[in-house]
Amino acid sequence: DTRLAQKYAVLFSPNEWYWIDSGYPIESWLITSYTIPTSPKRDNKTFNYYFLTVHTRSKHTIGYLQG
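Because the structure is predicted, anything quoted here is derived from the model rather than measured.

1. Regarding the overall build of the protein
Across its full length, the protein holds three helices and two strands. Taking 67 residues into account, the globule formula puts the C-alpha radius of gyration at 11 Å, and the protein, at 14 Å, lies well above it. Among the 67 residues that make up the protein, the fraction classed as buried is 15%. Taking the intrachain contacts of the protein between residues at least 6 apart in sequence as the baseline, contacts between residues at least 24 apart amount to 15%. Surface summary for the protein: the accessible area is close to 5900 Å², and the carbon and sulfur share equals 56%. The average position of the 7 basic charges and that of the 5 acidic charges among the side chains of the protein differ by 7 Å.

2. Comments concerning the environment of Tyr18
Looking at where Tyr18 falls in the secondary structure, it is placed in strand E1 (residues 18-19). A relative accessible area of 38% means that Tyr18 is categorised as partly exposed. A sequence separation of ten residues divides Tyr18 from Tyr8, and the C-alpha atoms of the two residues are 9.5 Å apart. Once you skip the residues sitting within four places of it in the chain, Tyr18 turns out to touch Leu4, Phe12, Trp29, Leu30 and Ile31.

3. Thoughts on the environment of Leu11
Inspection of the secondary structure assignment puts Leu11 in helix H2 (residues 8-11). Apart from the residues lying within four places of it in its own chain, the contact partners of Leu11 are Arg3, Leu4 and Glu16.

4. Here's the deal with the environment of Leu4
Counting through the fold element by element, Leu4 comes out in helix H1 (residues 3-6). What makes Leu4 partly exposed here is its relative accessible area of 22%. With 14 residues separating them along the chain, Leu4 and Tyr18 place their C-alpha atoms 9.6 Å apart. Discounting residues that sit within four places of it in the chain, Leu4 has contacts with Leu11, Phe12, Tyr18 and Trp29.

What counts, and where the lines are drawn
- Starting from 1, residues in each chain are numbered consecutively following that chain's sequence as written.
- Residue-level local features of this predicted model are given only where pLDDT is at least 70; pairs of side-chain atoms are given and counted only at 80 or more, and the full residue set underlies all totals for whole chains, interfaces and linings.
- The basis for every side-chain value is the complete set of non-hydrogen atoms in the structure, without hydrogens or water.
- For the purposes of this entry, the term helix denotes a DSSP run of H or I that reaches at least four residues, the term strand denotes a run of E that reaches at least two, and both are numbered from the N terminus.
- With C-alpha atoms as the basis for the radius of gyration, the globule rule is written as 2.2 Å multiplied by the number of residues raised to the power 0.38.
- Note on exposure labels: buried denotes an accessible area under 20% of the residue type's maximum, exposed denotes more than 50%, and partly exposed covers the range between, all computed with a 1.4 Å probe on protein chains only.
- By the convention used here, residues are in contact when the closest approach between their heavy atoms is within 4.5 Å.
- Every accessible area reported is derived by Shrake-Rupley at a probe size of 1.4 Å, with residue values counting cover from the shown protein chains alone.
- Charge convention: Lys and Arg are scored as positive, Asp and Glu as negative, and His as well as the terminal groups of each chain are ignored.
- Every charge is mapped onto a representative atom, which is NZ of Lys, CZ of Arg, CG of Asp or CD of Glu.

All quantities given are derived from atomic positions and should not be read as evidence of function.
Shown next as structure tokens:
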């Protein structure tokens, strides 16, 4: 029900996407980490490592700016 979900086509260009937590639904414009049962695969583990590294740093940055 967010503005992002309702107007993603207006907010993003065709080749843009948004990084999200794994609790969101799968959409072509949303990127999330792999979850069980596909997460143990080698390529998926590598993707998850880098995905979560960026995700954690962005969360820390937002927390720093808010604090």
